[in-house]
Amino acid sequence: MKIGQLAQQTGTPVDTIRYYEREGLLPRAARTEGNYRIYDAVHLERLAFIRRCRSLDMTQDEIRVLLRFRDTPSESCEDVNALLDAHIGHVAERIRELQQLETQLQVLRACCEEGRQAAACGILNELSQGATEVSTPSASESHLSATHACGRQHVTPRKQATRDS
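The paragraphs below set out a description of the structure included in this document. Note that the structure is predicted; figures quoted are calculated from it, not measured. (Residues numbered from 1 in each chain as written. Predicted model: local features only at pLDDT ≥ 70, side-chain atom pairs only at ≥ 80, totals over all residues. Heavy atoms only, no water.)

**A few points about the environment of His 87**
Which entries qualify depends on this criterion: To qualify as a helix, a DSSP run of H or I must reach at least 4 residues; to qualify as a strand, a run of E must reach at least 2; elements of each kind are numbered from the N terminus. Counting of polar contacts relies on pairs of N or O atoms within 3.5 Å, with two restrictions inside protein: one atom must be capable of donating a hydrogen and the other of accepting it, and residues adjacent in sequence are counted only when both atoms are side-chain atoms.
With respect to the helices, strands and loops of the structure, His 87 is situated in helix H5 (residues 78–109). Counting along the chain gives 31 residues from His 87 to Leu 56, while the straight-line C-alpha distance between them is 9.4 Å. Polar side-chain contacts of His 87 include one of 3.3 Å to the side chain of Glu 62.

Right, here's the structure in full:
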């Protein structure tokens with residue numbers, strides 16, 4: 001099949017397929033005499049695997065590792081398990097960060113309960129005040145950690161224990 005057919009069957013943009021080939025995730029396709037790429041069932045199945053990994057928010061490096069194991073089926077899958085455990089940890093950390101961000105946005109939203117002139121908007125005033133107070137956040141701080149909640153309290157990220165696996 002040609003690249004357009006592969007793209008259609010997998011729901012993958014043509015440019016993405018070409019990119020995966022350049023990055024070595026997808027093997028280079030054979031070419032016709034007219035220099036068209038020709039793909040087969042192996043490409044289709046591998047691209048579907050890559051797309052599934054991407055839908056799970058895996059990085060290209062993680063996908064490369066998984067593909068190496070998939071290409072050597074006699075290897076132990078202990079490292080596959082470790083890779084997935086690490087990925088789960090990254091996802092859990094991102095969830096914690098997003099929950100902190102949600103809390104900070106809710107506190108910010110509470111600064112302006114009703115419509116008024118923009119000059120008196122609590123949200124705009126807090127964002128302006130926070131802009132002068134915010135320093136470069138550390139890795140453990142989230143987006144608005146230095147913003148004061150309507151001048152009443154200081155909002156800081158919650159510390160949560162990491163879960164043991």
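**Let's talk about helix H3 (residues 41–55)**
So the rule is basically this: Under the convention used throughout, the expected extent of a helix is 1.5 Å for every residue step, that is, one less than its residue count. To sort residues, take the accessible area from a 1.4 Å probe on protein chains only and compare it with the maximum for the residue type: under 20% means buried, over 50% means exposed, and anything in between is partly exposed. Each direction from the helix axis to a C-beta atom contributes to the arc, which is the arc of those directions. In what follows, a contact means two residues having at least one pair of non-hydrogen atoms within 4.5 Å.
Along its 15 residues, H3 runs 21 Å from first to last C-alpha, staying within 8% of the 21 Å computed at 1.5 Å per residue. Where H3 is concerned, the buried positions are His 43, Arg 46, Leu 47, Ile 50 and Cys 53. Taken down its axis, H3 places every buried residue within 120° of arc, on the same side. In H3, those exposed residues whose orientation departs by more than 90 degrees from the buried face are Ala 41, Arg 52 and Ser 55. Buried residues belonging to H3 abut helix H1 (3–10), helix H2 (14–22), strand E2 (37–38) and helix H4 (60–71). Between the side-chain oxygen at the start of H3 and the backbone nitrogen of Val 42 there is a gap of 3.0 Å, and the oxygen is on Asp 40. Asp 57, located one to two residues past H3, shows a positive phi value of around 65°.

**Some details on the side chain of Thr 12**
Residue placement: Thr 12 occurs in the loop between H1 and H2. Reaching out from Thr 12, the side chain makes a polar contact with the side chain of Thr 10 at a distance of 2.9 Å. Those residues in contact with Thr 12 that lie beyond four places of it in its chain are Ala 7, Ile 17, Leu 47 and Arg 51.

**Some remarks on the packing of H3 against H4**
What counts here: Here, axes are lines fitted to C-alpha atoms. For helices the fit covers the stretch in contact, and angles between N-to-C directions go from 0 to 180 degrees. Any angle from 65 to 115 degrees is called roughly perpendicular, while one under 35 is roughly parallel, one over 145 is roughly antiparallel, and all others are oblique. Handedness of a helix crossing follows the sense of rotation of the near helix relative to the far helix, less than a right angle counterclockwise being left-handed and clockwise being right-handed.
The contact between H3 and H4 brings their axes to 11 Å, and the two run at 140°. As far as their axial angle goes, H4 and H3 are oblique. You can see that H3 and H4 cross each other, and the crossing is right-handed. Contacts from Glu 45, Arg 46, Phe 49, Ile 50, Cys 53 and Arg 54 in H3 reach Ile 63, Leu 66, Leu 67, Arg 70 and Asp 71 in H4.

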